[in-house]
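Examining the three-dimensional arrangement
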Amino acid sequence: MCGIFGYMGRKNALPLLVEGLRRLEYRGYDSTGVAINNGEGIVTHKTVGKVTDLKEILPDHIEGTTGIAHTRWATHGGVTQVNTHPHASSDGAVHLVHNGIIENFRHLRRHLSTSGIECVSETDSEVLVQLIAQELASGSTPLQSVQTTLKRVRGTWGVCIMFRDHDELICARNGSPLIIGQGQNEMFVSSDPHPLTSHTQRVIYLDDGDIAVLTPTSINMTSSVKGRSVEPNVTVLEEAWSESELGDAPHYMHKEIYEQPDALRQCIAGRVDREMGTGRLGGMRLGHETLMQAPHVRLLGCGTANIAAEIGQMLIEKMARIPAVTHISSEFRNNDPVINPKALYLAVSQSGETADTISAVKEIKLKGGQVFGVVNVVGSTIARLCGQGVYIHSGPEQSVASTKAFTNMVAALTVFATQLGRTRHLSKEQGRDIIDHLQQTPHLMEKYFENEGPLHEAVDLLAAAKSVLFLGRGLSASVAREGALKLMELAYIPCLAYPAGEMKHGPIALLEKGSPVVVIAPNDHLKEKTLSALHECKARGAKIILIHDEGDSIAEEGDVSIAVPANHPYLTPLLTVLPLQLLAYHTALRLGRDVDRPRNLAKSVTVE
Ligand code: F6R
């Protein structure tokens, strides 16, 4: 989604801003721009399209050591050059980049109009810059102008503001992440840690209500929540969070799919106790009492994270025998949920910045519940809001489609389920068996990658399909959902995923001669029942793409059969999802799609 980058220091700003934008590209965007203060005025260049398009219209050199830059993912107003950030006030005194949504912008726009200021763009963001300039023109300082303006707006913001006549950058946060990077006589501002790591490891995460005034050598922060100035809290970023380079891989998605064995090793290293047959998730800070007394577990997430949560839910019920429920984050708060302070709430998110999940976390905390993050990005909003939980340690995930984060979310939740299970119904031997298999899983993933099966025969069927049905039962019903989501978002083919038993209650009507149906049927206690659904599809002329365990005679049932190494029945999703990720990747390529940046999608969805 939208990305912000800002610079103030002694170096020429332009190349730094362009490089910052390049590092924000993975988030997904449709237009981009920069504004630089050259000492005499502010020079702005913006364009619809990619950073490479912007580079084409940029002069070789722009004087100036202070600048702001933005990648826009359209919310209010079409994808046009005028709507692209940075936005400028009518008098040219203030320039601004904004992430988030200003809810009362229509009212504010009318108010500006009555005082003779007409907004030129359709965006909600422009009212901010016009209001700040209005305050400034009435004699307020830059900080006072920003403070007064932010008191008048409702909504969410991460903003970075540059002034023509004042040597300072002001940034502020409310609901949209913003990070300051502190260098030697220079300051950076970014909505994401990735662009900062090549410049500095010293960062300050803004909290909601924070406003920071930056010069190259100073940071002055105030908090509207605390009603006073606050000391910047410097965090040192871990080396591991430097930007991931593509290397020899053709795409980030390809790279990240094949990184899964190593990412999984990272995720479980030091977190399992084989001897006791249990998990050890130190960051959860869960005492025996808390685990024993928890009446139920509720998990939250969006998209792929929601599907991983659903697998976690089933594993918790299987191992710990306590009720567990998964919620779609965007639905959670709206339904005024009842929160039990003894229950355990898990917020699952790769980016840790998903607005829907953040609002669910806030709702739980407001009502006295305890929330644990299951998050990839260190220091992200969800990780900091929860203050406890487990980092899944996938490393940077740059492709919009989530792959290695999915398997690590499932793995982390498996370890959690083992830990919870061992305080209740899971025996030491059962726990040990699961841990042994979990530790073997990276190796089994590698084994699958050595022999991926007839993927291209399956791609022939999928690429020509009007729609695709995915079926599975139990844990594999969730894997079916993930396979459908991946294929749909990357190849733009309508996909439906159903628990196999539910297929005959409606979706079967879609089947025609030759319709591809992807069936996930590992050799577990549900396989025979899944087979009945498979036969019902075949009887209607469907072409079956079957994902099954190596050596299982069920292979004969598929028109295209793809084998994965057999695993513990609780751990099959970690293997059966791999061919589905590859099918989505290869089908998308066959159809000429941009696999790393699918249309309309963003890596981190920071608006509700
Ligand atoms: C699918 C995908 C999205 C994300 C969802 C949640 O490939 O990437 O469905 O899973 O937007 O994002 P996070 O995990 O960052 O909260």
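This one's a predicted model, so the numbers in the text were calculated from it and none came from an experiment.

A separate point is empty space enclosed by the protein. As enumerated under the stated definition, the model contains five cavities of 30 Å³ or more in all. Taken as a whole, the largest cavity holds about 130 Å³ of empty space. In this structure, the largest cavity is lined by 13 residues; those nearest its centre are Tyr 26, Arg 27, Asp 192, Ser 351 and Val 377. Residues that form the lining of the largest cavity fall into these classes: three nonpolar, five polar and five charged. In this structure, the second largest cavity occupies an estimated 80 Å³ of space. What lines the second largest cavity is a set of 13 residues, and nearest its centre among them are Arg 72, Thr 75, His 85, Asp 124 and Ser 125. Each residue belonging to the lining of the second largest cavity can be placed in one class, and the counts come to three nonpolar, eight polar and two charged.

Going from His 85 to Pro 86, the amide bond is cis rather than trans, its omega being 0 degrees. Mapped onto the elements, Pro 86 comes out in the loop between strand 4 (66-72) and strand 5 (87-88). At Asp 336, a residue that is not glycine, the phi angle is positive and equals roughly 45 degrees. Along the polypeptide, Asp 336 turns up in the loop between helix 10 (329-332) and strand 20 (344-349).

In this section: the pairing of strand 10 (residues 187-190). Neither face of strand 10 is left uncovered, since the one carrying Met 187 and Val 189 and the one carrying Phe 188 and Ser 190 both have all their residues buried. Inspection of the sheet shows strand 1 (residues 3-8) paired to strand 10 by four bridges, in the antiparallel sense. Paired with Gly 6 across the two strands is Val 189, which belongs to strand 10. Here strand 9 (residues 179-182) pairs with strand 10 via four bridges, running antiparallel. Across the sheet, the residue bridging to Gln 182 is Met 187, located in strand 10. The hairpin formed by strand 9 and strand 10 contains four residues between the paired strands, and Asn 185 there has a positive phi angle of roughly 55 degrees.

Looking now at the pattern of salt bridges. Following the criterion strictly, the structure yields 25 salt bridges and no others. Two residues, Glu 446 and Arg 265, come together in a salt bridge whose shortest N-O distance is 3.0 Å. One end of the pair, Glu 446, is in helix 14 (residues 428-450); the other, Arg 265, is in helix 7 (residues 260-268), and 181 residues separate them in sequence. Relative accessible area serves as the criterion here: at 30%, Glu 446 is assigned to the partly exposed category. On the accessibility criterion, Arg 265 (33% relative accessible area) is partly exposed.

Rules behind the numbers
Residues numbered from 1 in each chain as written. Predicted model: local features only at pLDDT ≥ 70, side-chain atom pairs only at ≥ 80, totals over all residues. Heavy atoms only, no water. 1 Å grid on protein atoms, 1.4 Å probe; cavity = no way out; pocket = protein on both sides within 12 Å on 5 of 7 lines; lining within 4 Å. Points joined across faces, edges and corners; volume = space filled by probe spheres on them. Nonpolar A, V, L, I, M, F, W, Y, C, P; charged D, E, K, R; others polar. Helix = DSSP H or I, 4+ residues; strand = E, 2+ residues; numbered from the N terminus. Buried < 20%, exposed > 50% of the residue type's maximum accessible area, 1.4 Å probe, protein only. Pairing = 2+ DSSP bridges. Salt bridge = Lys/Arg side-chain N within 4 Å of Asp/Glu carboxyl O.

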